[in-house]
Amino acid sequence: MAGCLGDDGGGDGGDDAGRQNLDFWVFGGIPAERDYISSHYQNYGDHDVSYEHQEWGQKYQIIASAAANNNLPHVMAGQCQQIPDYVEAGALEPLDRSQFQDRLADIKEPFVDANHQVNTYEGLGDTEGEHLWGLPGGYADLGPFVDIRTDYLERTSFDRPPRNWEELLQVGKEMQELDEVSAAITASGTDFGLTTGYFIGFVYANGGRYFDPDTGDATVDQPGFVDAVKLYQDIAEAGLFPDSVVENNHIDAGRLLREGESGIFITYSHANAVYQTIDAPQPFLDGEGHVVTRAPLPDSPSGSFDPKDLLLQNAQGHMLATGSGSDAEREAAFDFIEWWSDPEQLAPWTYAEGADVGIRGRVPTLESAFEDPSDLFMSQFGDLVTLYENDDLFTRTSSFPSFPGIASVQSEINTQVLQPVMLGNKTAEEACSDVNSSIQEILDDNL
Amino acid sequence: MSYADQALSSYERALGRVPDGVRVYLPILPVLALVGVFILYPIAQAIWTSFTDKHLLRPDEAEFVGVENYGEVWTNPQIHEVLWNTFVWVSVGSIAAIVIGFVLGWLLHEKLPYTSVASAIVLVPWVLPRVVGASIWKFMFGGSQGIINELLVQLGVIDDYVVMLGSTELSLWPPIVGMVWRLAPLFALLTLTSLKGIDRQLYEAARMDGATPWEQFRYVTLPMMRYNLVIGFLLMLIYNIRNFSMVWVMTRGGPGVSSSTLPVMIYRAAFVDFQVGFASALSMLLFAVLLVFSYYYIQVYDKIRGEF
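Here the structure is a predicted model, which means the values were calculated and not measured.

> Run through the side chain of Asn 446 of chain A, naming residues and quoting values.
Topologically, Asn 446 of chain A is positioned in helix α18 (residues 428-446). Side-chain polar atoms of Asn 446 of chain A contact the backbone oxygen of Ile 442 of chain A, separated by 2.8 Å. Side-chain polar atoms of Asn 446 of chain A contact the side chain of His 55 of chain B, separated by 3.1 Å.

Right under this line is the structure:
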């Protein structure tokens, strides 16, 4: 019945027979985003929407439990990196179903295409071939990135951010000589997804991967991976990481840069969002005194896979959850996603004048933001705009690694590779060699 | 039908038809149902799950694997370090909480004025939400700007900041300190209550017999408190062994597994690795240990009831 009403109700000129009740879950986000989303969704008038904010850190438990209890929402906004896991849990439907195909091209058009590429997966769940599982939402997290204090950089022999790994070490060593600096390079070191997230971009840049997608064999002990770990080892051996690095999460690490104890923060493009959580002054959040840019790349990648300069994920992408009980509900859910994907709703993430709601540290997904960058975007990410204009930003882009079991792999890499290496308890070769078999076990269980 | 029968409600007449042997159990049926639904069923489910390969994201595909998960528990490369950490965590944390709590309780009873106000203040760590308390300790133990490091430097105990939460050798100890801070007040209150319950005439009699303060403590206070002490100790053990939040918030069990205890390992298995079957097997291990503690707890409790 609902299906019949829903299918025909759209053109009734104000007849409410086709209105559906939709549940909309949003995972994570900084306060400014939550404030904006939690009020702005009410401007959507075609269907009745119930909004619920969900804890980012509990996403797996919440989604798995909701899937098991048939209590999923119709639309979710969250990390698209976890799409394979969500599909595995039976929580998502592809967006490119036949009834939506003719509308998708228009919806996708305003976005930087790399965002759509990373949300396209092949053979997930019961599906065959490639399917689109998410639409980008307002912003993308990019990695590997570094944030560099320009006041410290000016006092080194460099007049620009380091461009390769040798330069990164060199700048770090020169910064370490400054009186204010206790540890030149700060990074997240606790067993938390972001620790590996910040690091894995160096692996991809070096042509490494967690595993070979063709064979399913773990490749953590291969040169592409090991040499990226070696970069962390070199930083640690040069005494550039804080002594407390493995007890610092991303916020603690960011705080060290903000307070001037460190000069370089290995991070994502979201550094300014991190500083928002530690009450940094507004000019600093707007980009004053530091530069957030793509991390240095290896001069000659040693891995056997395609080197990737940039990893990308939509951390608040819109996904069609399996909460729809009828085609009418599914249609309504897609309508709602289409509405959210309109540039007008996503304007706050472009930092356009008049649309600023206090969001910082987000790289917009809309192409128009790069084509006609606002002052606020430039002050935070001017270097990215330069790279974009040089056609050098999204040319060698990949999605962040994403496969069933990734949380487990990340935890293993954190605790058995990065932490021992940063503490100086193991060399990169030892740590990677020791962990490869357990990574293989996880892959065998999950892939 | 007699007048007496007519005076009975239909419910009472129905009840009258139930055999006596069954009727006596009817009043406890609601409680039994609640215990069954909220305690026995989850336990039975956990036991069953421990014999399956249930995955958090693919619960419908779970298959029976016999004792495979239990075998994996013992062959897991991390289990020995985790068990040792759990032993240190429980024993050191409980004993320290008891010693400090006892002294605190005794001070409250003997030395401090305004006992009720002082008791309320002492209880603050206990009533503070666990995660809040753990977060405060994490901040204080911070290796780059923690106040404890600063204090130790100012006092000349150390020359430079020592990284504790991020050290494989030291990472278990800050959570233990946090745990003692949380549990000692509870034991102090138990001690205070016990001390208040001791008849003062026993001390007067002891003094008349020439007992020194130490002898009064040794031969009057301790024997009178022995059961409360044992119960308190068992409660500390039970509370400590299943505690998760203090370690998780402060160190997330790391670096590596250097501060992982059994509850942390269970959490990781279930919600990081999604291996619910293996996590259930680990939970059964924890359950068995808790059963032993609970058995002794009930034994002591019954003994107290028998004596008083």
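> I'd like to hear about a negative patch on the surface, residue by residue, with values.
Side chains of Asp 217, Glu 441, Asp 444 and Asp 445 of chain A together with Asp 53, Glu 63, Glu 68 and Glu 72 of chain B sit close together on the surface and give a patch of like negative charge. Counting through the fold element by element, Asp 445 of chain A comes out in helix α18. A residue is classified by how much of its surface remains accessible, and Asp 445 of chain A, at 46% relative accessible area, is partly exposed.

> I'd like a rundown of the packing of helix α17 (residues 406-423) of chain A against α18 of chain A, residues and numbers included.
Residues and elements named next belong to chain A. At a minimum axis separation of 9 Å, α17 and α18 run at an interaxial angle of 170°. Judged by the inter-axis angle, α17 sits roughly antiparallel to α18. At the point where α17 passes α18, the crossing takes the right-handed sense. Seen from α17, the contacting residues are Ser 408, Val 409, Glu 412, Ile 413, Gln 416, Val 417 and Val 421; seen from α18, they are Ala 428, Ala 431, Cys 432, Val 435, Ser 438, Ile 439, Ile 442 and Leu 443. Of the residues belonging to the contact of α17 with α18, the class tally is 11 nonpolar, 3 polar and 1 charged.

> Could you give an account of the interface of chain B and chain A, with specific residues and numbers?
Between chain B and chain A, the residue contacts involve 26 residues of the former and 30 residues of the latter. Here chain B packs against chain A, burying approximately 2,300 Å² in sum over the two surfaces, 49% of which is carbon and sulfur. On the surface where chain B and chain A come into contact, there are 3 salt bridges. Ionic pairing is found between Lys 138 of chain B and Asp 252 of chain A, a salt bridge with its closest N-O pair at 3.5 Å. The tally of links from chain B across to chain A stands at 13 residue pairs in polar contact (both at pLDDT 80 or more). Broken down by element, the residue count for the side of chain B that touches chain A peaks at 3 residues, all from helix α15 (residues 262-271) of chain B. Tallied by class, the residues present in the side of chain B that touches chain A amount to 11 nonpolar, 10 polar and 5 charged.

> Tell me what's going on with the packing of helix α10 (residues 223-237) of chain A against α17 of chain A, and back it up with residues and numbers.
Residue and element names in this part refer to chain A. Between α10 and α17, the shortest axis-to-axis distance is 8 Å and the interhelical angle comes to 40°. Compared by their axis directions, α10 and α17 come out oblique. Each of Phe 225, Val 229, Tyr 232, Gln 233 and Ala 236 in α10 lies in contact with α17, whose residues at this interface are Ile 413, Val 417, Leu 418, Val 421 and Met 422. Split by residue class, the contact of α10 with α17 holds 9 nonpolar, 1 polar and no charged.

> Give a detailed account of the packing of aromatic side chains, specifying residues and quantitative values.
Across all of its chains, the model carries 48 aromatic pairs over all chains by this definition. Aromatic side chains Tyr 267 of chain B and Phe 271 of chain B sit 5.2 Å apart centroid to centroid with 50° between the ring planes, which places their arrangement in the tilted category. Of this pair, Tyr 267 of chain B and Phe 271 of chain B both sit in helix α15, 4 residues apart, which is roughly one turn of the helix. Each residue in the set Phe 24, Tyr 36, Tyr 41, Tyr 44, Tyr 51, Phe 336, Trp 339, Trp 340 and Trp 349 of chain A is aromatic and connected to the rest through ring pairs, giving one cluster.

> So what about the domain arrangement of chain B? Which residues, and what values?
Residues and elements named next belong to chain B. Per the domain assignment, the segments of chain B are domain 1 (16-68) and domain 2 (78-307). The gap between the C-alpha centroids of domain 1 and domain 2 is 32 Å. At the junction of the two partners, domain 1 supplies 10 residues and domain 2 supplies 11 residues. Approximately 830 Å² of surface area, both sides summed, lies buried where domain 1 meets domain 2, with 77% of it carried by carbon and sulfur atoms. Summed over the shared surface of domain 1 and domain 2, the number is 0 salt bridges.

> Report on the sheet that holds strand β8 (residues 145-149) of chain A, specifying residues and quantitative values.
Residues and elements named next belong to chain A. Spatial ordering of the open sheet is given by β9-β10-β8-β11, a layout of 4 strands whose pairing is mixed. The sheet is open, and its two borders are formed by β9 (185-186) and β11 (290-294), each paired with just one other strand. Here 4 bridges tie β8 to strand β10 (residues 264-267), and the two strands are oriented antiparallel to one another. Bridge pairing in β10 places Phe 145 opposite Thr 267.

> Residue-level account of the sheet that holds strand β3 (residues 75-78) of chain A, with values.
Residue and element names in this part refer to chain A. With mixed pairing, the 5 strands of this open sheet are ordered in space as β2-β1-β3-β13-β4. Whereas interior strands pair on both sides, the edge strands pair on one side only; in this sheet they are β2 (48-54) and β4 (92-93). Pairing of β4 with strand β13 (residues 317-321) involves 2 bridges; the strand directions are antiparallel. Counted as the bridge partner of Glu 93 is Leu 320 from β13. Across the sheet, helix α2 (residues 31-40) lies against β1 (21-27) and β2, angled at about 160° from β2, the strand it touches most. Docked against the sheet, helix α3 (residues 59-68) engages β1, β2 and β3, running at close to 155° with respect to β1.

> Now, about the domain arrangement of chain A: what can you tell me, with residues and values included?
Buried accessible area, meaning the area lost when the parts come together, often serves as the stated size of an interface. Residue and element names in this part refer to chain A. Entries for chain A in the domain assignment read domain 1 (6-10 + 18-140 + 313-349) and domain 2 (142-310 + 398-446). Taking only C-alpha atoms, the centre of domain 1 and the centre of domain 2 are 30 Å apart. Approximately 1,100 Å² of surface area, both sides summed, lies buried where domain 1 meets domain 2, with 60% of it carried by carbon and sulfur atoms. Broken down residue by residue, the surface that domain 1 buries against domain 2 is led by Ile 30, Gln 81 and Gln 313, which jointly contribute 39%. Taken together, domain 1 and domain 2 are joined by 0 salt bridges. Applying the counting criterion to the domain 1 and domain 2 interface returns 4 residue pairs in polar contact (both at pLDDT 80 or more). Sorting elements by how many residues they give to the side of domain 1 that touches domain 2 places helix α4 (residues 83-88) first, with 4 residues. Here the side of domain 1 that touches domain 2 is built from residues that sort into 9 nonpolar, 3 polar and 2 charged.

> Let's hear about helix α5 (residues 101-108) of chain A: which residues, and what values?
All names here are of chain A. Burial in α5 covers these residues: Arg 103, Leu 104 and Ile 107. Seen from one end, α5 has its buried residues packed into an arc of 110°, which puts them on one side. Exposed side of α5, more than 90 degrees from the buried face: Asp 102, Ala 105 and Asp 106 are the residues found there. Elements in contact with the buried residues of α5: β6 (130-132) and α14 (327-340).

> I'd like to hear about the nonpolar core, residue by residue, with values.
Of all hydrophobic cores here, the largest spans 118 residues; its most connected members are Phe 225, Phe 394 and Ile 413 of chain A. Of the domains in this structure, domain 1 (6-10 + 18-140 + 313-349) and domain 2 (142-310 + 398-446) of chain A are the two that each give at least three residues to this core. Setting aside residues no more than four positions away along its own chain, Ile 413 of chain A makes contact with Thr 196, Tyr 210, Val 220, Phe 225, Leu 418, Val 435 and Ile 439 of chain A. Residues Tyr 227, Tyr 267, Ala 281 and Leu 282 of chain B belong to the second largest nonpolar core, which totals 56 residues.

The rules behind the values
- Residues numbered from 1 in each chain as written.
- Chains lettered and ligands numbered in written order.
- Predicted model: local features only at pLDDT ≥ 70, side-chain atom pairs only at ≥ 80, totals over all residues.
- Heavy atoms only, no water.
- Helix = DSSP H or I, 4+ residues; strand = E, 2+ residues; numbered from the N terminus.
- Polar contact = N/O pair within 3.5 Å; in protein donor to acceptor, adjacent residues only side chain to side chain.
- Patch = residues over 30% accessible without salt bridge, like charges linked within 9 Å, V, L, I, M, F, W, Y side chains within 5 Å.
- Areas by Shrake-Rupley, 256 points an atom, 1.4 Å probe, with all protein chains shown as cover.
- Salt bridge = Lys/Arg side-chain N within 4 Å of Asp/Glu carboxyl O.
- Lys, Arg positive; Asp, Glu negative; His and termini not counted.
- Charge placed at Lys NZ, Arg CZ, Asp CG, Glu CD.
- Buried < 20%, exposed > 50% of the residue type's maximum accessible area, 1.4 Å probe, protein only.
- Axes fitted to C-alpha atoms, helices over the stretch in contact; angles between N-to-C directions.
- Parallel < 35°, antiparallel > 145°, perpendicular 65-115°, else oblique.
- Left-handed = near helix turned anticlockwise from the far one by under 90°.
- Contact = heavy atoms within 4.5 Å.
- Nonpolar A, V, L, I, M, F, W, Y, C, P; charged D, E, K, R; others polar.
- Buried area = accessible area lost by both parts, 1.4 Å probe.
- Phe/Tyr/Trp six-rings, centres within 6.5 Å; stacked < 30°, edge-to-face > 60°.
- Domains from an automatic or database assignment.
- Pairing = 2+ DSSP bridges.
- Arc of directions from axis to C-beta.
- Core = buried A, V, L, I, M, F, W, Y, C linked by side-chain atoms within 4.5 Å.

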